[in-house]
Amino acid sequence: MRLWCCSGVWEEKEEANTRGDMKQGLLSTEAEGKSEELSSAAMENDQPGSSRMGFSIGDDVEEDLFLNMEVARDRRGNEITGDGSTPWELVIGNSSYYERYASARGQDPREIDELGYDEETSLGFGRGNCDRDFQYKRAKVLSESLEFHYATALSPCPDTSTSPADGAQNISQGSVPSGNEMVLYLSLAPNGGGNRNPMDSNGGGDDDGGGSNTSKIEDLEVKMDLTDDLLHMVFSFLDHINLCRAARVCRQWRAATAHEDFWRRLNFENRNISPIQFADMCRRYPNITEVNIFGALVIDILVMKAITSLKYIETLIVGGKGQLEDGFFHALADCSMLRTLNVNDAILGNGVQEIPVFHDRLRHLQITKCRVLRISVRCPQLETLSLKRTNMAHALLNCPQLHELDIASCHKLSDAGIRSAATSCPLLASLDMSNCSCVSDETLREIALMCPSLRVLNASYCPNISLESVRLPMLAVLKLCSCEGITSASMAAISHSYMLEVLELDNCSLLTSVSLDIPRLQNIRLVHCRKFVDLNLRSPMLSSITVSNCPALHRINITSNLLQKLMLQKQESLSTLSLQCQSLQELDLTECESLTNSICEVFSDGGGCPMLRSLVLDNCESLTAVEFNSSSLVSLSLVGCRAMTTLELRCPNLEQVFLDNCDHLERASFCPVGLRSLNLGICPKLNVLRIEAPHMIVLELKGCGVLSEASINCPRLISLDASFCSQLKDDCLSATTASCPFIELLVLMSCPSIGTDGLSSLRRLSCLTLLDLSYTFLVNLQPVFESCLQLKVLKLQACKYLTDSSLEALYKEGALPALRELDLSYGSLCQSAIEELLACCTHLTHVSLNGCVNMHDLNWSYSGGQLSELSSIDGSYAICSLEIVQEPIMHPDRLLQNLNCVGCSNIKKVVIPPRARCFHLSSLNLSLSANLKEVDVTCFNLSFLNLSNCYSLEILKLDCPKLTSLFLQSCSVSEEVVEAAISHCNVLETLDVRFCPKIYSVYMGRLRVVCPSLKRIFSSLCVP
């Protein structure tokens, strides 16, 4: 279905088995006291390339919107054939084509509805005898699935009249709309007020002749006011393609899009426009100022038409594999307004004659990539001229006002020709003669003499110049890339250019040293200079230096007041660096492998870089002892300095330091520094450490296995990780707790040298909440119980020397009342100690008992919530009797939320009934418990249960209404048991039964029936 309206085009395409023609709509207009019909044949046969009356451009791709329309139709649907340009002429309103169309129909041109013209109307879209205001036009669109009912109305002129019957007649021409049809009115507000009812249609109100159908249309009326000024503003953002699309909408839009303002610049680049079409465009829009016909066919005909028809043309762009005869260049003089001419990739003349370009007002001329023998340019006001890549042998210039000349890559132009062309322009300020292999020093001397205003010179890829005896004092930009004749002796000539600002010397293979003292030099480039050894620059205004891939560079001496950033990466031979740069803030010396320890003096206070903030010395493998004393340094990177053994930093504002892969660092001193965090865990040979950092919060010493002497003075330190510091002693820990009283997280894992004295010093840490003593040889935890009253997390993994009585203070004396997380994984505690701990420490929220081989069962089914004790007798297990004196009246709720018993190989039974009061338990992990046979859990809040790799599991009973994830991977439980278990899990979403030998993939449907909430089931592809 398609909707055509005044404010735009909406398209909705529907697929059908067969596609018929669209039914006839109604297009009615009121003029000169009568109603005229226009058939909707313009909307039939919506094929690419067809033209519609009133909507003259078909639904083609962008490339064909202008030009590829072959067939037009009259208002009765009859085809009008022509030369392929008729639809285009109908769009743009050429009067001659209206006459041709009228004669084909045997009618007077003024009788042609919808395509009438007026000689006084510039675009030919209006009617000659009625001064209509298109603002009063209202379009009415009725749509069904494949039907169109199209109606428009114009307000009557003062000398016209209309009757209600006309409206009824118009409606009756098409299908009468039903009540459920969509009706759209898009009315355009008049410019000049009026007392017309905005709800009226067809120029008047509904009468009896309109019937009930017209009233239904009015009930669904939608309005949009678009003035000419608003349309003009909106259309100013469209290109020509979209302007033509907008012209298809309605008369008002067609008139608005044809405004001369939108057609002052014609761009037909790479378009197939015919001479007839182009001539008509030039005739219709004589005020065109810019034309681009690059890549068009027959450019010689088009360009001659442009310069002879368009008197106001200012910019002309032509070319693209065509040929321009000399007549075109002779005719240029008649284009008095022409200011810019671009000719690219064309054959000029017959290739053997001289091409003259004479014009009194031309200011910009570009003739590039053209084939011509000789060019003569005489343009007294010409300012810029480009002859780049043009294979001419001679160029005669008479352009006294020329400022910019580009003759780059003119290989056939001789040295004398270049000299003659450049010296004939006394006001020349910019000259590009790059890739002109014939140019010599003699030519440069003549240019310097005859062009005193020359400020930009590009002589790159000119192998014959060496600048000997050449003086260019006013030069500001000099480019000498890939000039084989440039050597260190050429620097003497360059130094006389005291106005020089930009110097490029890339790929000068014979250049060995550069020594310049130029006061205005701002930018210098030295890239791929293979023999370059020494760089000495002295320029107060130097702000950018690019030095790269100069493998022989040995010394650098730079003096500048404006240089802020210097990048000198991968200068393998650089060993001496001297900088006097008062504004330098960033310096990168990555992979400068020859730099020695003396470089540290350059970056310390008094070394010439007082504002240096960032220093990168990554992979400088010759540095062994690094010492910086800088009050400005903020960031320091020494990544990969593997030979460094000593580091001493006195940088009070240092906030970042990177020491990755400093494998041989033995002594480090940070006194004082402004660091907030420091990671020295990547320095395994560090044995002496001094830190004075008033702002440090996090310190990591993980893996400093030989660290034996550490002085840490960080009053704001919160986190200290000293894992695997096997040489760390009690006295060091005591000194650290004294100087860092606000530590909250202390990790002493695998610190076997820490004893009772060190643990006793923890009383100074009143904020300590996490303590990790895993993999230590501790026997007595009493100092911890007495000192760490605020402790919330205690980790005792693999503390093999802890006995059953080591934790009695926790469950008998109420030690560590704030403790919430306890990790006893891989310990040697017996079953009874674990039972008492879990029974009495109801305030624990996270308990980890992973790998506890002495743990047999988790059975909370007995009174008081006590675990049943299992003992082994002759290889079999029996339940030991527990004397129950009386049932407690009330037991406190357990706060346990997470219980991990992974890899407890001796556990056989887990029973957690409601009487255990585990109301907060949400996660239970029993995976890798190979001998576990029975699990019976009733927990209201349990959401995660992992029984993976419990190979002996046979009994599974669950009553967990909030369980969402159940993992039974590699369990031998049967499918019937799983069905019964998950039937009470109403919100279960994830079930993993992969590698379960008794559960087959064909039974997955039954599991989904039992538990409809399942979203994901992971199963193996096994069949019964």
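Only a predicted model underlies this, so the values are computations on that prediction, with no experimental measurement involved.

A. Layout of the overall build of the protein. Broken down by element type, the protein carries 21 helices and 60 strands. Relative to its full complement of 1024 residues, the protein shows a buried share of 51%. Looking at the protein alone, contacts between residues at least 24 apart form 47% of all its contacts between residues at least 6 apart. Taken as a whole, the protein presents about 43,900 Å² of accessible surface, with 49% of it coming from carbon and sulfur.

B. View of the packing of helix 11 (residues 415-423) against helix 12 (residues 441-450). Put simply, helix 11 and helix 12 touch, their axes get as near as 9 Å, and they point 10 degrees apart. Considering the angle they form, helix 11 stands roughly parallel to helix 12. Contact residues: Asp415, Ile418, Arg419, Ala422 and Thr423 in helix 11; Glu442, Thr443, Glu446, Ile447 and Met450 in helix 12. Tallied by class, residues from the contact of helix 11 with helix 12 come to four nonpolar, two polar and four charged.

C. Main features of a nonpolar patch on the surface. A cluster of nonpolar side chains, Leu230, Met233, Val234 and Phe237, forms an exposed patch at the surface whose accessible area comes to about 410 Å². The topology assignment puts leucine 230 in helix 5 (residues 228-235). Leucine 230 sits in the partly exposed class, given a relative accessible area of 33%.

D. Examining the side chain of aspartate 506 more closely. Relative to the assigned elements, aspartate 506 resides in the loop between strand 24 (502-504) and strand 25 (513-517). In terms of polar contacts, aspartate 506 uses its side chain to reach the backbone amide nitrogen of valine 527, at 3.3 Å.

E. Summary view of the pattern of salt bridges. As enumerated under the stated definition, the model contains 19 salt bridges in all. Ionic pairing is found between arginine 374 and glutamate 354, a salt bridge with its closest N-O pair at 3.1 Å. One end of the pair, arginine 374, is in strand 17 (residues 374-378); the other, glutamate 354, is in strand 15 (residues 354-358), and 20 residues separate them in sequence. Of the charged contacts in the structure, one is a salt bridge between glutamate 627 and arginine 650, with a shortest N-O distance of 2.8 Å. You can see glutamate 627 sitting in strand 34 (residues 625-629) and its partner arginine 650 sitting in strand 36 (residues 646-651), a full 23 residues away along the chain. On the accessibility criterion, arginine 650 (26% relative accessible area) is partly exposed. Here the salt bridges share partners, and the residues they tie into one network are Glu627, Glu648 and Arg650.

F. Here's a closer look at the nonpolar core. Residues Leu579, Phe603, Leu659 and Phe670 are the most contacted members of the largest nonpolar core, which totals 267 residues. Examining the composition of this core, we find that five residues originate from one element, helix 9 (residues 299-309), more than from any other. Apart from residues no more than four positions distant in its own chain, phenylalanine 603 is found in contact with Leu577, Leu579, Leu587, Leu589, Leu612, Leu615, Phe628 and Ser630.

G. Structural view of the environment of leucine 467. The residue leucine 467 is located in the loop between strand 22 (456-458) and strand 23 (477-479) in this model. Take leucine 467: its relative accessible area is 5%, and that puts it in the buried class. C-alpha separation for the pair leucine 467 and alanine 492, spaced 25 residues apart in sequence, amounts to 8.9 Å.

H. Structural context of the packing of aromatic side chains. Enumeration over the complete set of coordinates arrives at six aromatic pairs. Between phenylalanine 235 and tryptophan 253, the ring centres sit 5.3 Å apart and the planes meet at 75 degrees, which makes this aromatic pair edge-to-face. Taken together, the positions of phenylalanine 235 in helix 5 and tryptophan 253 in helix 7 (residues 251-257) put the pair 18 residues apart, joining distant regions of the chain. The pair formed by phenylalanine 235 and tryptophan 253 is uniform in burial state, with each residue classed as buried. Centre to centre, the rings of tryptophan 263 and tyrosine 285 are 5.7 Å apart; their planes meet at 15 degrees, and the pair counts as stacked. Highlighted residues: tryptophan 263 in the loop between helix 7 and strand 11 (265-267) and tyrosine 285 in the loop between helix 8 (275-284) and strand 12 (290-292), separated in sequence by 22 residues. When its relative accessible area of 6% is taken as the criterion, tryptophan 263 is described as buried. The ring of phenylalanine 358 has arginine 378 lying over it, and the distance from NZ or CZ to the ring centre is 4.0 Å. Taking NZ or CZ as reference, arginine 894 lies 4.5 Å from the ring centre of tryptophan 860, over its face.

I. Structural context of helix 11. Taken as a whole, helix 11 has its buried residues at Asp415, Gly417, Ile418, Ala421, Ala422 and Thr423. The inward-facing, buried residues of helix 11 contact strand 19 (394-398), strand 20 (404-406), strand 21 (430-432) and helix 12.

J. Structural context of the sheet that holds strand 55 (residues 934-938). Read from one edge of the open sheet, four strands run 49-53-55-57, paired in parallel fashion. Since the sheet does not close on itself, it has two edges, and those belong to strand 49 (857-859) and strand 57 (955-959), each with one partner. For this sheet, the mean angle separating the axes of adjacent strands, direction not counted, is 15 degrees. As paired strands, strand 55 and strand 57 are joined by five bridges and run parallel to one another. Within the sheet, the bridge partner assigned to glutamate 934 lies in strand 57 and is isoleucine 955.

K. Examining the sheet that holds strand 19 more closely. The parallel open sheet is built from three strands, whose spatial order is 15-17-19. In the strand order of this sheet, the two ends are held by strand 15 and strand 19, each with one partner. The average undirected angle you get between the axes of adjacent strands in this sheet is 10 degrees. Sheet analysis places strand 15 next to strand 17, joined by five bridges and oriented parallel. Counted as the bridge partner of isoleucine 355 is isoleucine 375 from strand 17.

L. Focus on the state of the cysteines. Counted by the stated rule, this structure contains zero disulfides. Here cysteine 399 is not disulfide-linked; the sulfur of cysteine 379 is the nearest cysteine sulfur, at 5.4 Å.

M. Examining the environment of serine 761 more closely. Residue placement: serine 761 occurs in the loop between helix 16 (756-760) and strand 45 (770-772). Owing to a relative accessible area of 4%, serine 761 belongs among the buried residues under this scheme. Expressed as a C-alpha distance, the spacing of serine 761 and serine 787, which sit 26 residues apart in the sequence, is 7.8 Å. If sequence neighbours within four positions are ignored, serine 761 has contacts with Leu733, Ser734 and Thr737.

N. Seen up close, the packing of helix 8 against helix 9. Taken N-terminus to C-terminus, the directions of helix 8 and helix 9 make an angle of 15 degrees; their axes are 10 Å apart at the nearest point. Taken as axis vectors, helix 8 and helix 9 run roughly parallel relative to one another. Where helix 8 crosses over helix 9, the handedness of that crossing is right-handed. The segment helix 8 lies against helix 9, with Pro275, Phe278, Ala279 and Cys282 engaging Ile301, Leu302, Lys305, Ala306 and Ser309. Counted by class, the contact of helix 8 with helix 9 contains seven nonpolar, one polar and one charged residues.

O. Representation of the confidence of the model for the protein in the model. When pLDDT is averaged along the protein, the result is 78; 75% of the residues meet or exceed 70. Low pLDDT, under 50, characterises residues 214-223; the stretch is placed with 28 contacts to residues that sit more than four places away or in other chains. Note that pLDDT drops below 50 for residues 863-889; the model gives that stretch 38 contacts with residues more than four away or on any other chain.

P. Region of interest: the pairing of strand 13 (residues 315-324). Burial analysis of strand 13 places eight of its 10 residues in the buried class, the great majority of the element. Bridge analysis of strand 12 against strand 13 gives three bridges, and the strand direction is parallel. Bridge pairing links valine 291 to leucine 316 in strand 13. Tracing the backbone out of strand 12, into helix 9 and back to the parallel element strand 13 gives a crossover that is right-handed.

Q. Layout of the pairing of strand 34. Residues Val626 and Phe628 line the buried face of strand 34, whereas the alternating positions Ala625, Glu627 and Asn629 sit on a face that is not buried. With five bridges connecting them, strand 34 and strand 36 associate as parallel partners. For glutamate 627, the partnering residue across the bridge sits in strand 36 and is glutamate 648.

R. Local environment of helix 12. Looking only at helix 12, the buried set comprises Asp441, Thr443, Leu444 and Ile447. Angularly, the buried residues of helix 12 cover 155 degrees about the axis, an arc narrow enough to put them on a single face. Buried-residue contacts for helix 12 involve helix 11, strand 21 and strand 22.

S. Geometry of unusual backbone geometry. The step from cysteine 671 to proline 672 runs through a cis peptide bond, and the omega angle for that step is -15 degrees. Structurally, proline 672 is set in strand 38 (residues 667-673). Its identity is not glycine, yet serine 750 carries a phi of approximately 60 degrees, on the positive side. Looking at where serine 750 falls in the secondary structure, it is placed in the loop between strand 44 (745-747) and helix 16.

Calculation notes
- Residues numbered from 1 in each chain as written.
- Predicted model: local features only at pLDDT ≥ 70, side-chain atom pairs only at ≥ 80, totals over all residues.
- Heavy atoms only, no water.
- Helix = DSSP H or I, 4+ residues; strand = E, 2+ residues; numbered from the N terminus.
- Buried < 20%, exposed > 50% of the residue type's maximum accessible area, 1.4 Å probe, protein only.
- Contact = heavy atoms within 4.5 Å.
- Areas by Shrake-Rupley, 256 points an atom, 1.4 Å probe, with all protein chains shown as cover.
- Axes fitted to C-alpha atoms, helices over the stretch in contact; angles between N-to-C directions.
- Parallel < 35°, antiparallel > 145°, perpendicular 65-115°, else oblique.
- Nonpolar A, V, L, I, M, F, W, Y, C, P; charged D, E, K, R; others polar.
- Patch = residues over 30% accessible without salt bridge, like charges linked within 9 Å, V, L, I, M, F, W, Y side chains within 5 Å.
- Salt bridge = Lys/Arg side-chain N within 4 Å of Asp/Glu carboxyl O.
- Polar contact = N/O pair within 3.5 Å; in protein donor to acceptor, adjacent residues only side chain to side chain.
- Core = buried A, V, L, I, M, F, W, Y, C linked by side-chain atoms within 4.5 Å.
- Phe/Tyr/Trp six-rings, centres within 6.5 Å; stacked < 30°, edge-to-face > 60°.
- Lys NZ or Arg CZ within 6 Å of the ring centre and 35° of its normal.
- Pairing = 2+ DSSP bridges.
- Disulfide = S-S within 2.5 Å.
- Left-handed = near helix turned anticlockwise from the far one by under 90°.
- pLDDT = per-residue confidence, 0-100.
- Right-handed = clockwise from strand over helix to strand, strands pointing away.
- Arc of directions from axis to C-beta.

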